[in-house]
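Notes for the structure review
Chain residues, written in single-letter form:
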Amino acid sequence: MKAVPPRMFSALVADQKGRTTQRTCLSDSINESSFPMGQCQSLPAILMQRLSGADRCAVRIAVWVLLAFPIAAAEMGAGTAHGAENNSRPNIVLIMADDLGYGDVSCYGGPHIPTPNIDSIAADGVRFTDGYVTAPVCSPSRAGLLTGRYQQRFGFEFNTGPRERDWQQGLGLPLEEITVADLMRKAGYATGMFGKWHQGLQPQFHPMNRGFDTFFGFRFGGTLYIDPATPGVKSVQYDRRRIWPRRYEHDPIMRDRSPVEEHRYLTDALSEEAAAFIRKHQQEPFFAYVPYNAPHTPLQATQKYVKRFADVDDDRKQVYRAMTSALDDGVGLILKTLQDAGLAENTFVVFLSDNGGALYTGASENTPLRGGKLSLFEGGIRVVFAARWPAQLKKGQVYRHPVSSLDLLPTLLRAAGGSLPTNRPYDGVDLMPYLTGKESGRPHEILFWRNGDNAAVRKGDWKLWRTSDGHVWLYDLANDVGEENNLAEERPEVVKQLQSELDKWEKTLAEPKWPTRRKVPLKVDDVTVQLSI
């Protein structure tokens, strides 16, 4: 066993934000001046001053032994449980896809797109069969995730945008709301975001004003992945009426607060930036939020990914599958970076989509669920959802009770050693006791959704969807996950109970702070409903 030279030792010290850093001090020999208190505050000065000279020397020798022989020190600490008990708080990586279909991922039965890296999160931890988000569209869903609260509580019911309205009217996540990044930073974590924000364009809503130390990405809901004129890029318009979104003057690609010229394929760039953040902060606890915009439109991919699907004749499906494959590669890069840094064991990784697949593109799959993005059918709000934390979670779990993106804030914050503010209600729960077997039963007996004219509730296995003009659908999800059989007429007592629950919940909500951008008609059985964007 090789000792560290006695001339140099280091100690962990806390900065003003409560983060620990390594500080090195020099000493010529082990004597009264070996640990000069003015150079390194590795021990409380007041305590050292109260010890006798001999005692102070003994303490200094003991500290030097621990630092000089790290293997022995590690062995002395062996057997301590992971988590707050030995201050080994987990790093946290929260990855969100954009418009990813329930049937687009291999571990959810998707046959078309190999997704080995996303699958590995589920295989090494837990796959949630009934994982929900709080909205069937991007922006309000992310507001619920970031705050751990139903976004309708603070009026964030509809997407922000279009861009001009977003900028001119100052739409965004209300400033009085506390984000998961705010709480992680308060808990002493380095915080970084890499991807799509969609919580407001004006400066006051910038991610670095909402808890993030660093930011790389864009602030609105969509952008080009790459210049379509770049050699080797395949771009497909799924709807001829639509034009490519341009890099809007108020929404460039940004590094922190500065616009940058970005020429990489954006999915690759976001992955590489997230990996760089992990390497930079590997000596301290970090929270990385990686909300990709893939595979949201526009449909664009580079030949690196397109050629993997050379046998697909439909251009839309080919490019969409290539985009999803690029997303999976990005997840793989993040996981490999954690592994190479020796951080994989004690990093809590979560992967989910912001809503269901956008079936209107003709490219994504939500099988076996009905409907997709925009609707309150399961295909709009039940999403791919998986998590791993090798130090705490058994691998290979399949969790079949309903969980929600609302649960991520309290779950991750509790793992980080933080606590929820007490001045507001939170709608999520800490999932860890349920995933480790300490708690039985369902984390949620009831979940709610509202999007303009449409509202839904799930209680147990019953799901009710109602419209503002009085149409009602009732499904038994235990026996009808595809929502094919409307049981509203057969089970009026269940309809009455769920309607009452929904009425009570809606009384706790605020009025929307801005109106829907537009409505889209959808034929449901023999009824046309209006879906809000």
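Okay, so let's go over this structure. (Residues numbered from 1 in each chain as written. Predicted model: local features only at pLDDT ≥ 70, side-chain atom pairs only at ≥ 80, totals over all residues. Heavy atoms only, no water.)

**Focus on helix H14 (residues 492-506)**
The end-to-end C-alpha distance of H14 is 21 Å, a good match for the 21 Å that 15 residues give at a rise of 1.5 Å each. Along H14, the positions that sit buried rather than exposed are Val494, Val495, Leu498, Glu501, Leu502 and Trp505. One side of H14 carries all its buried residues, which in axial view fall inside an arc of 130 degrees. Check the buried side of H14 and you find it contacts strand S17 (446-451), strand S18 (454-459), strand S19 (462-467) and strand S20 (472-476). (Helix = DSSP H or I, 4+ residues; strand = E, 2+ residues; numbered from the N terminus. Expected span 1.5 Å × (residues − 1). Buried < 20%, exposed > 50% of the residue type's maximum accessible area, 1.4 Å probe, protein only. Arc of directions from axis to C-beta. Contact = heavy atoms within 4.5 Å.)

**Details of the packing of aromatic side chains**
Here the structure, examined in full by the defined rule, presents 19 aromatic pairs. Consider the rings of Phe128 and Tyr399, whose centres lie 6.0 Å apart with planes at 70 degrees: the pair is edge-to-face. Highlighted residues: Phe128 in strand S4 (residues 126-128) and Tyr399 in strand S15 (residues 397-399), separated in sequence by 271 residues. Classification of Phe128 as buried rests on a relative accessible area of 2%. By relative accessible area, which is 10% here, Tyr399 ends up buried. Ring geometry for Phe194 against Phe277: centres 5.3 Å apart, planes inclined by 55 degrees, an arrangement best described as tilted. Residue Phe194 is located in strand S6 (residues 190-196), and its partner Phe277 is located in helix H8 (residues 266-280); the two are separated by 83 residues in the primary sequence. Judged by its relative accessible area of 3%, Phe194 is buried. Within the aromatic cluster, the residues linked to one another by ring pairs are Trp197, Phe212, Phe287 and Tyr289. (Phe/Tyr/Trp six-rings, centres within 6.5 Å; stacked < 30°, edge-to-face > 60°.)

**Let's talk about the packing of helix H4 (residues 116-123) against helix H10 (residues 315-340)**
At a closest axis distance of 7 Å, the pairing of H4 and H10 adopts a crossing angle of 55 degrees. On the basis of their axis angle, the class for H4 and H10 is oblique. Where H4 abuts H10, its residues Pro116, Asn117, Ile118, Ser120 and Ile121 lie against Asp328, Asp329, Val331, Gly332 and Leu335. (Axes fitted to C-alpha atoms, helices over the stretch in contact; angles between N-to-C directions. Parallel < 35°, antiparallel > 145°, perpendicular 65-115°, else oblique.)

**Some remarks on the environment of Tyr399**
When the C-alpha positions of Tyr399 and Asp130 are compared, they lie 7.8 Å apart, and in sequence the two are 269 residues distant. Those residues in contact with Tyr399 that sit more than four places away from it in its chain are Val126, Arg127, Phe128, Thr129, Asp130, Tyr434, Leu435, Gly441 and Pro443.

**Some remarks on the sheet that holds S19**
Taken together, four strands build an open sheet; the order of strands is S17-S18-S19-S20 and the sheet is antiparallel. Each having just a single partner strand, S17 and S20 make up the two edges of the open sheet. The sheet shows a mean angle of 10 degrees between the axes of neighbouring strands, taken without regard to direction. Here S18 runs beside S19; their pairing, made up of six bridges, is antiparallel. Of the residues in S19, the one forming a bridge with Val457 is Leu464. Those strands touched by H14 are S17, S18, S19 and S20, and its axis lies near 65 degrees from that of S19. (Pairing = 2+ DSSP bridges.)

**Side note on unusual backbone geometry**
Note the cis peptide between Gly161 and Pro162, where omega equals 0 degrees. Looking at the element boundaries, Pro162 is found in the loop between helix H5 (138-147) and helix H6 (163-169). Put simply, Thr297 and Pro298 share a cis peptide bond, and its omega is 5 degrees. Structurally, Pro298 is set in the loop between strand S11 (286-291) and strand S12 (299-302). Unusually for a residue other than glycine, Asp99 sits at a positive phi of about 65 degrees. Along the chain, the position of Asp99 falls in the loop between strand S3 (91-97) and H4.

**Structural notes on H4**
Of all the positions in H4, only Ile118, Asp119, Ser120, Ile121 and Ala122 are classed as buried. Looking at the buried side of H4, the elements it contacts are S4, H10, strand S13 (347-353) and strand S14 (385-388).

**With respect to the sheet that holds S3**
Sheet strands pair by backbone hydrogen bonding; their relative direction is either parallel or antiparallel. Strand order in the open sheet made by the 10 strands is S10-S9-S7-S6-S11-S3-S13-S14-S4-S15, with mixed pairing throughout. On the outer flanks of this sheet lie strand S10 (258-259) and S15, each paired with one strand and no other. Looking at chain direction, S6 and strand S7 (residues 214-218) are connected through five bridges and run parallel. Across the sheet, the residue bridging to Met193 is Phe215, located in S7.

**Concerning the pattern of salt bridges**
Considering all chains together, one arrives at 33 salt bridges under this definition. The salt bridge involving Lys196 is made with Asp98; its shortest N-O contact spans 2.6 Å. Of this pair, Lys196 sits in strand S6 while Asp98 sits in the loop between S3 and H4; the two residues are 98 residues apart in sequence, bridging distant segments of the chain. For Glu378, the salt bridge is made with Arg382, and the minimal N-O distance between the two is 2.7 Å. Taking relative accessible area as the criterion, Glu378 reaches 0% and is therefore assigned buried. Put simply, Asp130, Glu378, Arg382, Arg442, Arg458, Asp461, Lys463 and Glu483 are held in one network by salt bridges that share partners. (Salt bridge = Lys/Arg side-chain N within 4 Å of Asp/Glu carboxyl O.)

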